[in-house]
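# Examining the three-dimensional arrangement
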Amino acid sequence: MTTPPTLDLHRVRSRFPALAADDWAYFDNAGGSLVLGGVAARISEYLLTTSVQTGASYPASVRAVERLAAARARIATLVGAARSDEIVLGPSTTVLLRFLATAMAGQLAEGDEIIVTDFDHESNIGPWMGLRDRGVVVRTWSADPATGEIDLAALDALLTPRTRLVCVTHASNILGTINPIREIAKRVHAAGARLCVDAVAYAPHRAVDVQASGADYYVFSFYKVYGPHFAVLWGRHEYLLELDGLYHYFYGKDVVPGKLEPGNTNYELAWGSAGIVDYLEEIGGASGRAGVEQAFAAIAAHEERLAARLLDWLNSRNDARVVGLRRPDRAARVPTISFTFEGKRSDDVVRAVEKDQIAIRFGDFHSRRLVEHLGLARNGGVVRVSMVHYNTLEEVDRLTRALENAVR
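Residues numbered from 1 in each chain as written. Predicted model: local features only at pLDDT ≥ 70, side-chain atom pairs only at ≥ 80, totals over all residues. Heavy atoms only, no water.

In terms of domain boundaries, the chain breaks down into domain 1 (9-35 + 288-407) and domain 2 (40-279). With centres defined by C-alpha atoms, the gap from domain 1 to domain 2 works out at 26 Å. Across the contact, 45 residues belong to domain 1 and 41 residues belong to domain 2. Of the roughly 3400 Å² buried where domain 1 meets domain 2, counting both sides, 56% is carbon and sulfur surface. Contact with domain 2 buries surface across domain 1, with Arg289, Phe296 and Arg369 losing the most and accounting together for 19% of the total. Along the contact surface separating domain 1 from domain 2 lie 2 salt bridges. Between Arg206 and Glu303 there is a salt bridge; the shortest N-O distance is 3.4 Å. Put simply, domain 1 and domain 2 have 23 residue pairs in polar contact (both at pLDDT 80 or more) between them. (Domains from an automatic or database assignment. Contact = heavy atoms within 4.5 Å. Buried area = accessible area lost by both parts, 1.4 Å probe. Salt bridge = Lys/Arg side-chain N within 4 Å of Asp/Glu carboxyl O. Polar contact = N/O pair within 3.5 Å; in protein donor to acceptor, adjacent residues only side chain to side chain.)

Structural data, given as structure tokens:
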């Protein structure tokens, strides 16, 4: 096995202009990461040189068509898709999952069942709940209220011959736990159902491989992965063909992904988002999928060290409750770490830490059902520290000193 490259943090941080713009330590990355300079440059360059509509015969329009196709192919490389027309682009994960639910509704009959969880972001719950008005039965897979852990046997108990879809997160944006998507997919498929995965909290930290995951639909937002406010939904080609169209009537069932991108996609953001792959190839030291995978191997190793530094400090305290896994194992969690302090409001802790120019966040992060299920909705919800690979151990030490002062 090839040893992954070691991250050159000076080089990494130089690719994010916002890090040089002020003295803040940014630990709110699960809310939205900083943007790569190369991504911003691509967006600007597109707008200034190719800002025309596609589909015409004049040179600038032809170039726009070629650029959109090239961007879609690069994004297919990022996610490990078999073909670029499996890549559906849109404004956000929330919107794309609404689109998917709407486009799938015609396949569902009264009494058909969908399984959602109470440990997902609301984006992968609410759209499916809305189908209850059509007679669809929605069942909920719950996490352990004491630990937040999931039980695959509980999923098995929910699966029935009427189950058509299971919707689950790849990694929790509260717990940081990486869920066993491939094993979940096996169980779901054995029951004759399909699997929809929200990977918003996973994609910034690990190489996405939609084919290996076993998922049937897979979605995440680029603004959590060092890009703009834009998102991607991957679906198996044959399943995308089955979906109802969301665009004009003359976009037939076989016009994918166009029938699922009403009003056209955002060309400049697509072109900009493809720059994420350029960056991963740079730090991975190889082109294509090899570069993406090697980059994320190095990212995972560095992020494990960051998580260990913070968890060691939290685990040393009697007044801190870590919500989720208390160990930094890169195979089991991403470095999104939530916690509370006994006798302290989470919002007060966060505001105290901000005085030291450290950006963290409190609340439920639109995973309200999970926070309520775990009994953490009061006192400002949880404190969340969400780290990514451009963070440093020195920044983590700054954070723990600030937290020490905030809770003493």
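We now examine the packing of aromatic side chains. The geometry of an aromatic ring pair is captured by two quantities: the separation of the ring centres and the angle between the planes. With the rule as written, the count across this model stands at 13 aromatic pairs. Geometrically, the ring pair formed by Trp313 and Phe341 is edge-to-face, given 6.2 Å between the ring centres and 70° between the ring planes. With Trp313 in helix H12 (residues 288-315) and Phe341 in strand S10 (residues 336-341), the pair connects residues that are 28 residues apart, well separated along the chain. The pair Trp313 / Phe341 is uniform in exposure class, with both members buried. When the centroid spacing of 5.6 Å and the interplanar angle of 80° are considered together, the rings of Phe339 and Phe341 count as edge-to-face. (Phe/Tyr/Trp six-rings, centres within 6.5 Å; stacked < 30°, edge-to-face > 60°. Helix = DSSP H or I, 4+ residues; strand = E, 2+ residues; numbered from the N terminus. Buried < 20%, exposed > 50% of the residue type's maximum accessible area, 1.4 Å probe, protein only.)

Okay, the pattern of salt bridges next. Any two side chains of opposite charge can pair if their charged atoms end up close together. In the structure shown here, the tally under the stated rule is 30 salt bridges. One salt bridge in this structure joins Arg13 and Glu395, with 3.5 Å as the shortest N-O distance. Here Glu395 lies in helix H15 (residues 393-407) and Arg13 lies in helix H1 (residues 9-14), a separation of 382 residues in the sequence. In this structure, the salt-bridge partner of Arg164 is Asp112, at a minimum N-O distance of 3.4 Å. Pair noted here: Arg164 is in strand S5 (residues 163-169) and Asp112 is in the loop between helix H4 (93-104) and strand S3 (113-117), with a separation of 52 residues, a long-range link. The exposure class assigned to Arg164 is partly exposed, which follows from its relative accessible area of 30%. With relative accessibility at 4%, the residue Asp112 sits in the buried group. Via salt bridges that share partners, Arg42, Arg74, Asp278 and Glu281 belong to a single interconnected network.

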